[in-house]
Amino acid sequence: MTLRLADIDTRIEGVEQLGAVVNAMRGIAAARAQQARAQVKAVDSYAATIAAAIGRALSLMPATPQERLAADTHPALVVFAAEQGFAGAFSEHVFASLGDDLAGSPLFLVGTRGATVLAERGIHPAWRGAMPSHSAGIPKLADQVAEALYSGVAKGEIVALDVVFSQRDPGHDPRIERNRLLPLDLSRFPASVPGPPLHNLAPTELLAGLTADYLHAQLCHAALHAFAAENEARMEAMAAARDQSTRQLADLQAQARLVRQEEITAEVIELAAGAAASHAS
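Definitions and cut-offs
- Each chain has its residues counted from 1, following the order in which its sequence is written.
- Only residues with pLDDT of 70 or above have their local features reported here, since the model is predicted, and side-chain atom pairs are shown and tallied only from 80 upward, although totals for entire chains, interfaces and linings are computed over all residues.
- Note that water and hydrogens are dropped before the side-chain values are worked out from all heavy atoms of the structure.
- Going along the chain from the N terminus, every DSSP run of H or I of four or more residues is numbered as a helix, and every run of E of two or more is numbered as a strand.
- Values of the radius of gyration come from C-alpha atoms, whereas the globule rule sets the reference at 2.2 Å times the count of residues to the power 0.38.
- Partly exposed residues are those whose accessible area sits between 20% and 50% of the maximum for their type, while under 20% is buried and over 50% is exposed, using a 1.4 Å probe and protein chains only.
- Only heavy atoms enter the contact rule, under which two residues are in contact if any of them lie within 4.5 Å.
- Here, Shrake-Rupley sampling with a 1.4 Å probe gives the accessible areas, and only protein chains in the shown set may cover a residue.
- Within this scheme the basic residues Lys and Arg register as positive and the acidic residues Asp and Glu register as negative, but His and the chain ends are omitted.
- For this purpose, a charge sits on NZ of Lys, CZ of Arg, CG of Asp or CD of Glu.
- Here, the arc refers to the directions that run from the helix axis to the C-beta atoms.
- For salt bridges, the criterion is a side-chain nitrogen of Lys or Arg within 4 Å of an Asp or Glu carboxyl oxygen.
- We call two strands paired when DSSP finds no fewer than two bridges between them.
- Only the contacting stretch of a helix is used when fitting its axis, a line to C-alpha atoms as for every element, and angles between N-to-C directions run 0 to 180 degrees.
- For this analysis, a nonpolar core means a set of buried residues of the types Ala, Val, Leu, Ile, Met, Phe, Trp, Tyr and Cys, connected via side-chain atoms within 4.5 Å.
- In this scheme, a helix's expected span is set at 1.5 Å multiplied by one less than its residue total.

A.B. asks: Tell me what's going on with the overall build of the chain, and back it up with residues and numbers.
C.D. replies: Regarding its fold elements, the chain presents six helices and five strands. Reading the chain from its N terminus to its C terminus gives the helix and strand order α-β-α-α-β-α-β-α-β-β-α. Its C-alpha radius of gyration of 29 Å places the chain more than 25% over the 19 Å reference for a compact globule of 281 residues. Projecting the C-alpha coordinates of the chain onto the three principal axes gives extents of approximately 120 × 40 × 25 Å. Classification of the 281 residues of the chain by burial places 38% in the buried group. When contacts within the chain are restricted to residue pairs at least 6 apart in sequence, long-range pairs at least 24 apart make up 75% of them. Looking at the chain as shown, the accessible area adds up to about 15,800 Å², and 57% of this sits on carbon and sulfur atoms. Each charge sign in the chain was given a centre, from 23 positive and 31 negative side chains, and these centres are 4 Å apart.

Structure, rendered in structure tokens:
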């Protein structure tokens, strides 16, 4: 009986330690998600400034009709999946949104955990990278992704490009976003200020530089949303784990009280029996 109580106490200690770890992971995920949300606003403001500059720079270029992609063109995909575990089916939801494009398009994948999920399906991306542990590292990640993309564009391997990421607004369910990055839809960049801008670069060089900056900003935008959404998914998973550990701890404590009462009862019976035997003798 004593061994049984000791086993229960050991399990209680283990569950309490697990609960502390779960709470710590939930707190870290919450802090990271909140930080990324704040940084998204700054990146979007920057992207809007670049978009306005592109609109003005386009006034320097000769009017040419924009080519349309063939209907059967498979765009390359920059996909943001989960970097770590304990985030539920985060990667699976992103991959499910791609349908046949998951296996039929060149993949530029961000997310170590997501790469493991794809490897289990026999799918290997053309390029893969890891999401940084802190959102401050996302601009450097965007540089790495852009470098890989420019290499594919230069080789003629990338004609069109989409970015796919999970986005979650406060108070709403997560959704999967898929946005076209290349070629740029020039109709999205109207000149907000009349007249050509002052410039000291050739128009083509100016527009190329602005386009690169805009692509970088859009990659940062997608990465920050994915970063925040993954951490929010981890918060939910940890909240569920915390509730489960709380229930398990309550059950173990109730069991310990019962076993302890049984031990006390057994001791009382033993003492009573000893006293009766003593009186009888």
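Here the narrative resumes.
A.B. asks: Before we move on, can you summarise helix α4 (residues 112-120) with the specific residues and values?
C.D. replies: Among the residues of α4, Gly114, Ala115, Val117 and Leu118 are the ones counted as buried. All buried residues of α4 project into a common sector of 160° when viewed along the axis, lining one side. Check the buried side of α4 and you find it contacts α2 (90-96), α3 (101-104), β2 (107-110) and β3 (127-129). Gly122 occupies a position one or two residues after α4 and carries a positive phi of about 80°.

A.B. asks: Any chance you could break down the pattern of salt bridges for me, citing the residues and the numbers?
C.D. replies: Under the counting rule described, the total for this entry stands at nine salt bridges. Close ionic contact of Glu262 with Arg4 constitutes a salt bridge, the shortest N to O distance being 3.9 Å. Residue Glu262 is located in helix α6 (residues 203-280), and its partner Arg4 is located in helix α1 (residues 2-58); the two are separated by 258 residues in the primary sequence. Residue classification places Arg4 among the partly exposed positions, given a relative accessible area of 42%. Taken together, the shared-partner salt bridges connect Asp101, Asp162, Arg178 and Arg180 into one network.

A.B. asks: For the sheet that holds strand β5 (residues 175-182), give the residues involved together with the corresponding values.
C.D. replies: Taken in spatial order, the five strands of this open sheet run β3-β2-β1-β4-β5, and their pairing is mixed. In this open sheet, the two edge strands, each paired with only one partner strand, are β3 and β5. Averaged over neighbouring strand pairs, the angle between their axes works out to 15° when direction is ignored. Pairing analysis gives seven bridges linking strand β4 (residues 161-167) to β5, with the strands arranged antiparallel. Along β5, the bridge assignment pairs Val164 with Arg178. Sheet contacts for α4: β2 and β3; angle to β2, the most-contacted strand, approximately 130°. The strands touched by helix α5 (residues 138-154) are β1 (76-80), β2, β3, β4 and β5; relative to β2, the strand with the most contacts, the crossing angle is about 170°.

A.B. asks: So what's going on with the nonpolar core? Residues and values would help.
C.D. replies: Nonpolar side chains tend to gather and get buried jointly when the protein is soluble and globular. Residues Val78, Phe80, Met131, Leu149, Leu161 and Leu219 are the most contacted members of the largest nonpolar core, which totals 31 residues. Only α1, β1, β2, α5, β4, β5 and α6 provide two or more residues apiece to this core. The element contributing the most residues to this core is α6, with nine residues. Apart from residues no more than four positions distant in its own chain, Leu149 is found in contact with Val78, Phe108, Ile158, Leu161 and Leu219.

A.B. asks: Let's hear about the side chain of Gln167: which residues, and what values?
C.D. replies: Residue placement: Gln167 occurs in strand β4. Setting aside residues up to four positions removed in sequence, Gln167 forms contacts with Pro174, Arg175, Glu177 and His225.

A.B. asks: A description of α5 should follow, citing residues and the corresponding values.
C.D. replies: Look at α5: 24 Å from first C-alpha to last across 17 residues, which is about the 24 Å you get at 1.5 Å a residue. The set of residues buried in α5 consists of Ile138, Leu141, Ala142, Val145, Ala146, Ala148, Leu149 and Gly152. The arc that holds the buried residues of α5, viewed along the axis, is 165°, so those residues lie on one side. Of the exposed residues in α5, those oriented more than 90 degrees away from the buried face are Lys140, Glu147 and Ala154. Positioned one or two residues after α5, Gly156 has a phi angle of 80°, which is positive.

A.B. asks: So what's going on with the environment of His74? Which residues, and what values?
C.D. replies: Position of His74 relative to the elements: it lies in the loop between α1 and β1. With a relative accessible area of 47%, His74 lands in the partly exposed category. For the pair His74 and Glu270, spaced 196 residues apart in the sequence, the C-alpha separation amounts to 81 Å. Setting aside residues up to four positions removed in sequence, His74 forms contacts with Asp101, Gly104 and Ser105.

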